[in-house]
Amino acid sequence: MTPTTFALVRHGQTDWNAERRLQGATDIPLNDVGRGQARDAVAVLAPYQWDAIVSSPLSRAAETADLIAEGLGLAVARRVPELTERSFGPAEGMQAGPELEALRVPGGFKGAESEDEAATRGLAALEALADEFRGQRLLVVTHGTLLRVTLSRATGQTLTSVNNAVLNLAHHHTIDGWQLEYFNGEPVLAATSS
């Protein structure tokens, strides 16, 4: 059976990204650098034939998806709430330092969604999309932490942070699970998980 192919793209840069602040579920818009990154991503994505584009409803991901879709001559099919970034609770908006460290607990921050919860939610969302778009090519625009923890869970690998608006290419096989082909724009040796 033909695998479902996913381009998993983190949104373009925001001011909070540039300031190294935790964004989480806070709806921070793209900045001009981020808009340029989204437009530049079109050249990398264009050689593939995409069947559909979906995104997180947060404005930074939605605008990135809209800019990519426009460049590819496609329309965004819908916004998927389950693709919203991991909630960092009271840590959102903070930069590294003593105040942030005071909120840190194993697996995340006090009052926040844990990495495990985010990975479970993200993987369930991607697997539902794999069922819906079985055998097709789907472009998903979402968020860095959600992508990192979800892809780590899906592939059984420990992945590093996800760069803004670069190609992460994964394949979902009904029997063999997930295979990661590109991460942060670079080819990887893939482990599979079912």
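All values reported here derive from a predicted model rather than from experimental measurement. (Residues numbered from 1 in each chain as written. Predicted model: local features only at pLDDT ≥ 70, side-chain atom pairs only at ≥ 80, totals over all residues. Heavy atoms only, no water.)

Caption draft 1: Fine view of the UniProt feature "binding site: substrate" (unreviewed entry) in the chain. When the UniProt feature table is mapped to this numbering, "binding site: substrate" (unreviewed entry) covers Arg-10, His-11, Gly-12, Gln-13, Thr-14, Asp-15, Trp-16, Asn-17 and Arg-60. From the list above, the largest pocket is lined by Arg-10, His-11, Gln-13, Trp-16, Asn-17 and Arg-60. Within the fold, Arg-10 resides in strand β1 (residues 4-10). By relative accessible area, Arg-10 is classed as buried at 16%. Non-local contacts of Arg-10, meaning those with residues more than four positions away in its chain, are made with Asn-17, Thr-142, His-143, Gly-144, Leu-147, Val-162, Asn-163, Asn-164 and Ala-165. Within the structure, the side chain of Arg-10 is placed 2.7 Å from the backbone oxygen of Val-162, a separation counted as a polar contact. (UniProt positions renumbered as here; feature names shortened; annotations may be inferred. 1 Å grid on protein atoms, 1.4 Å probe; cavity = no way out; pocket = protein on both sides within 12 Å on 5 of 7 lines; lining within 4 Å. Helix = DSSP H or I, 4+ residues; strand = E, 2+ residues; numbered from the N terminus. Buried < 20%, exposed > 50% of the residue type's maximum accessible area, 1.4 Å probe, protein only. Contact = heavy atoms within 4.5 Å. Polar contact = N/O pair within 3.5 Å; in protein donor to acceptor, adjacent residues only side chain to side chain.)

Caption draft 2: Summary view of the environment of Met-94. Topologically, Met-94 is positioned in the loop between β3 (76-79) and α4 (98-103). Placed 78 residues apart in sequence, Met-94 and Trp-16 show a C-alpha to C-alpha distance of 9.3 Å. If near-sequence neighbours (up to four positions away) are discounted, Met-94 is found in contact with Arg-20, Arg-21, Leu-22, Glu-99, Leu-100 and Leu-103.

Caption draft 3: Layout of the nonpolar core. In terms of nonpolar packing, the biggest core is built from 27 residues, with Phe-6, Leu-8, Leu-83, Leu-129, Leu-138, Val-140 and Leu-151 touching the most fellow members. Secondary-structure elements contributing two or more residues to this core are β1, β2 (52-55), α5 (115-132), β6 (137-142), α6 (144-155) and β8 (177-183). Per-element accounting of this core gives the leading share, seven residues, to α5. Those residues in contact with Phe-6 that lie beyond four places of it in its chain are Trp-50, Leu-126, Leu-129, Ala-130, Leu-138, Val-140, Asn-168, Leu-169, Ala-170, His-172 and Trp-178. Core analysis: the next-biggest nonpolar cluster, separate from the first, contains 16 residues, Ala-7, Ala-69, Leu-167 and Leu-169 among them. (Core = buried A, V, L, I, M, F, W, Y, C linked by side-chain atoms within 4.5 Å.)

Caption draft 4: How the structure looks around empty space enclosed by the protein. Taken as a whole and assessed by the stated rule, the structure comprises one cavity of 30 Å³ or more. Reported here for the largest cavity is a volume of approximately 40 Å³. Lining of the largest cavity is provided by Leu-83, Gly-122, Leu-126, Val-140, Thr-142, Leu-146, Leu-147 and Thr-150. Counting residues per element, the ones that place at least two in the lining of the largest cavity are α5, β6 and α6. Across the lining of the largest cavity, the residue classes tally to five nonpolar, three polar and no charged. (Points joined across faces, edges and corners; volume = space filled by probe spheres on them. Nonpolar A, V, L, I, M, F, W, Y, C, P; charged D, E, K, R; others polar.)

Caption draft 5: Examining the pattern of salt bridges more closely. Per the counting criterion, the structure on display carries eleven salt bridges. The closest approach of N and O atoms between Asp-66 and Arg-79, which form a salt bridge, is 2.7 Å. Here Arg-79 lies in strand β3 and Asp-66 lies in helix α3 (residues 59-72), a separation of 13 residues in the sequence. Looking at Arg-79, the relative accessible area reads 31%, which means it is partly exposed. (Salt bridge = Lys/Arg side-chain N within 4 Å of Asp/Glu carboxyl O.)

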